[in-house]
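# Structural overview for review
Residues per chain, in single letters:
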Amino acid sequence: MSPRTRTIGSSNPEYVNARVRARRAALFDEEEYRKLVRMGPSEIARFMEETEYETEINALGARHSGVDLIEYALHANLAKHFDDLLDWAEGRLYEFIANYLRKFDAWNVKTVIRGIYAGAGQETIEADLIRAGEFSDREIDRLLEARSIEEVVDQLDGTIFGDPLEAAYEDYEATDTLVPLENAVDRTYYEHILDNVGSVSAERDDPVSQYVEFLQAEIDFRNARNALRLARTGADIDPGEYFIEGGTLFDRREMSGLVANREELLARIEESTYGDRLDEALVELRQAENESLIAFEHALDIALSEYADRLANRYPMTIASVLSYILAKEREVDNIRAIARGREAGLSEEEIEEELVIL
């Protein structure tokens, strides 16, 4: 898919947000998740066949089964929904959405790199790909054909990720950790999207202002997440080298200190502009034990989703509503996939529910 092909016309947020509200109403709720947790993979697939995933389940059922069928159907449905957003949008709104959806190019690059690093097979890696960004199917297939991380870097030559990954590859070889490569991908994505935002108005309900405010929050939470991951690696890496510019929570010079002090990191969030809006999420963050990075990251996901929802409620006729929906749809896909994988692995209902992100 190449979403950057139609930018003419004026923005149409009223029409797009009306369509988004309808889609949002169809998302799974907590009761449906509780039903899925009690099902096996085949039962989950049959349940999905009675929902909006019917088309994908039926189309893919002849080639896949079990958890593989569920994952392929989830990702195909996600891509279809986000393609619809681009079909509906016009003008600057289209540009904003298209640039934001390049997050899935970043996701796919990191997924292929992680898969090769872990020794996963091509089919296993492909099941985790989401074809909803700018990369064409052929470009993604070429990444899948790579036999080494160095080949992936070579394949991305000429894209926005090429030079940053090449620069980070030396650190990857020196540390044998994916942190330098993954952070290079994230940093490139956010730098690119911010470079294409344009001028920001002083008016809070200006569409560009809302877009930038959301991106700043996402960058802040990404930096917080990376700080924790860097601390866990124990590798001799300067955290400041992988800091993502554009947020407001802290600057590059402060990154090293925050990597070593989780309480200071949480205090910084509490004292920031997010503090009064994210009180419940901060409680979740403080309850996440040091050794439980997954719990901490889930709390960050909840915090960002709640932040997007608050922006959408306050400024319903801006891109905030679209961004809030994108996160909600991603959350649904992640939750269903976590349930299916958990059931396949024989996890208890309680263990699976701990993996879910439900607002």
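Structure first, text after, so check above.
Residues numbered from 1 in each chain as written. Predicted model: local features only at pLDDT ≥ 70, side-chain atom pairs only at ≥ 80, totals over all residues. Heavy atoms only, no water.

## Considerations on the pattern of salt bridges
Evaluation of the coordinates by the stated rule reveals 25 salt bridges. Between Asp-128 and Arg-341 there is a salt bridge; the shortest N-O distance is 2.6 Å. Linking Asp-128 in the loop between helix 8 (122-127) and helix 9 (137-145) with Arg-341 in helix 18 (residues 320-344), this pair joins segments that are 213 residues apart in sequence. The exposure class of Asp-128 is buried, given its relative accessible area of 18%. (Salt bridge = Lys/Arg side-chain N within 4 Å of Asp/Glu carboxyl O. Helix = DSSP H or I, 4+ residues; strand = E, 2+ residues; numbered from the N terminus. Buried < 20%, exposed > 50% of the residue type's maximum accessible area, 1.4 Å probe, protein only.)

## Focus on the side chain of Thr-111
You can see Thr-111 is positioned in helix 7 (residues 103-118). Accessibility expressed as a relative area gives 9% for Thr-111, which makes it buried. A distance of 2.8 Å separates the side chain of Thr-111 from the backbone oxygen of Trp-107, its partner in a polar contact. What Thr-111 contacts, discounting residues up to four positions off in sequence, is Ile-125, Asp-128 and Leu-129. (Polar contact = N/O pair within 3.5 Å; in protein donor to acceptor, adjacent residues only side chain to side chain. Contact = heavy atoms within 4.5 Å.)

## Things to note about a negative patch on the surface
A grouping of Glu-150, Glu-151, Asp-154, Asp-157, Asp-163, Glu-166, Glu-170 and Glu-173 is seen on the molecular surface, where their side chains present a negatively charged patch. Secondary structure elements with two or more residues in the negative patch: helix 10 (149-155) and helix 11 (162-175). A per-element tally of the negative patch places helix 11 first, with four residues. By secondary structure assignment, the location of Glu-166 is in helix 11. (Patch = residues over 30% accessible without salt bridge, like charges linked within 9 Å, V, L, I, M, F, W, Y side chains within 5 Å. Areas by Shrake-Rupley, 256 points an atom, 1.4 Å probe, with all protein chains shown as cover. Lys, Arg positive; Asp, Glu negative; His and termini not counted. Charge placed at Lys NZ, Arg CZ, Asp CG, Glu CD.)

## Here we look at the packing of helix 7 against helix 12 (residues 179-195)
At a minimum axis separation of 10 Å, helix 7 and helix 12 run at an interaxial angle of 170 degrees. As judged from the angle between their axes, helix 7 and helix 12 are roughly antiparallel. On the side of helix 7, the interface is formed by Lys-103, Ala-106, Val-109, Lys-110, Ile-113 and Arg-114, while helix 12 contributes Leu-181, Glu-182, Val-185, Asp-186 and Tyr-189. Split by residue class, the contact of helix 7 with helix 12 holds six nonpolar, no polar and five charged. (Axes fitted to C-alpha atoms, helices over the stretch in contact; angles between N-to-C directions. Parallel < 35°, antiparallel > 145°, perpendicular 65-115°, else oblique. Nonpolar A, V, L, I, M, F, W, Y, C, P; charged D, E, K, R; others polar.)

## A word on helix 12
Helix length check: helix 12, at 17 residues, gives a terminal C-alpha distance of 24 Å against a target of 24 Å (1.5 Å per residue), a fit within 8%. Counting buried residues along helix 12, 14 of its 17 residues qualify, which places the element largely inside the surrounding structure. (Expected span 1.5 Å × (residues − 1).)

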